[in-house]
Amino acid sequence: MPRVFSELNAIYPAGLFRRLAAITYDLFLLFALLMLVGFIGVALTGGEANEHLLFKLAVFLVPVVFYGFFWRRAGQTLGMLAWRIRVQTPQGQPLNLKQTLLRLLGGLLSWGCLGLGYLWLFFDREKRTWPDLLSGTQVVVIPKKTKG
């Protein structure tokens, strides 16, 4: 039986501010990872990393692995955790590989259209963006943990 997240009755769609704030947090982490890959690539190639196909592939794979790992494992990146949002299926399950890849493609399309794909949530009744629609997923705000 597939794993299902808890608190499904207390969640609601995430707004644009929370999504962009989480993306901003995650960009800092991604830049750090890309810098690390760059340092390793330069060290291994004597300063010619940008000429190697393996380096270009590594730079491409860093965000794919980063988001894929966090979205499939817990539905949250570190930025999403800080802003209490989670990506999930409408049934409250973590994403599968296909949904993860479609969500990443939707994000690229959204930014490629100058953010229109994210502004789409203002026109969608369920506050879905293009990545949500393309992957059949949703981004929700999760409740604060109660003490006790």
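Preceding this paragraph is the structure being described.
Here we summarise the structure given alongside this text.

## Looking at the packing of helix α2 (residues 53-73) against helix α4 (residues 97-112)
It is at 10 Å that the axes of α2 and α4 come closest, and there the two elements cross at 130 degrees. Classed by the angle they form, the pair α2 and α4 counts as oblique. Remark: the crossing between α2 and α4 carries right-handed chirality. Contact residues: V64, Y67, G68, W71 and R72 in α2; L97, T100, L101, R103 and L104 in α4. Taken together, the residues that form the contact of α2 with α4 break down as six nonpolar, two polar and two charged.

## Concerning the sheet that holds strand β3 (residues 138-141)
As summarised here, the arrangement of the three strands in space is β1-β3-β2, forming an open sheet in which the pairing is antiparallel. Unpaired on one side and paired on the other, β1 (12-13) and β2 (85-88) mark the two borders of the sheet. Both β1 and β3 contribute to a ladder of two bridges, which runs antiparallel. If you follow P13 over to β3, its bridge partner there is V140. Of the strands in this sheet, β1, β2 and β3 touch helix α1 (residues 16-45), which is tilted by about 90 degrees from β2.

Rules of the game
Residues numbered from 1 in each chain as written. Predicted model: local features only at pLDDT ≥ 70, side-chain atom pairs only at ≥ 80, totals over all residues. Heavy atoms only, no water. Axes fitted to C-alpha atoms, helices over the stretch in contact; angles between N-to-C directions. Helix = DSSP H or I, 4+ residues; strand = E, 2+ residues; numbered from the N terminus. Parallel < 35°, antiparallel > 145°, perpendicular 65-115°, else oblique. Left-handed = near helix turned anticlockwise from the far one by under 90°. Contact = heavy atoms within 4.5 Å. Nonpolar A, V, L, I, M, F, W, Y, C, P; charged D, E, K, R; others polar. Pairing = 2+ DSSP bridges.

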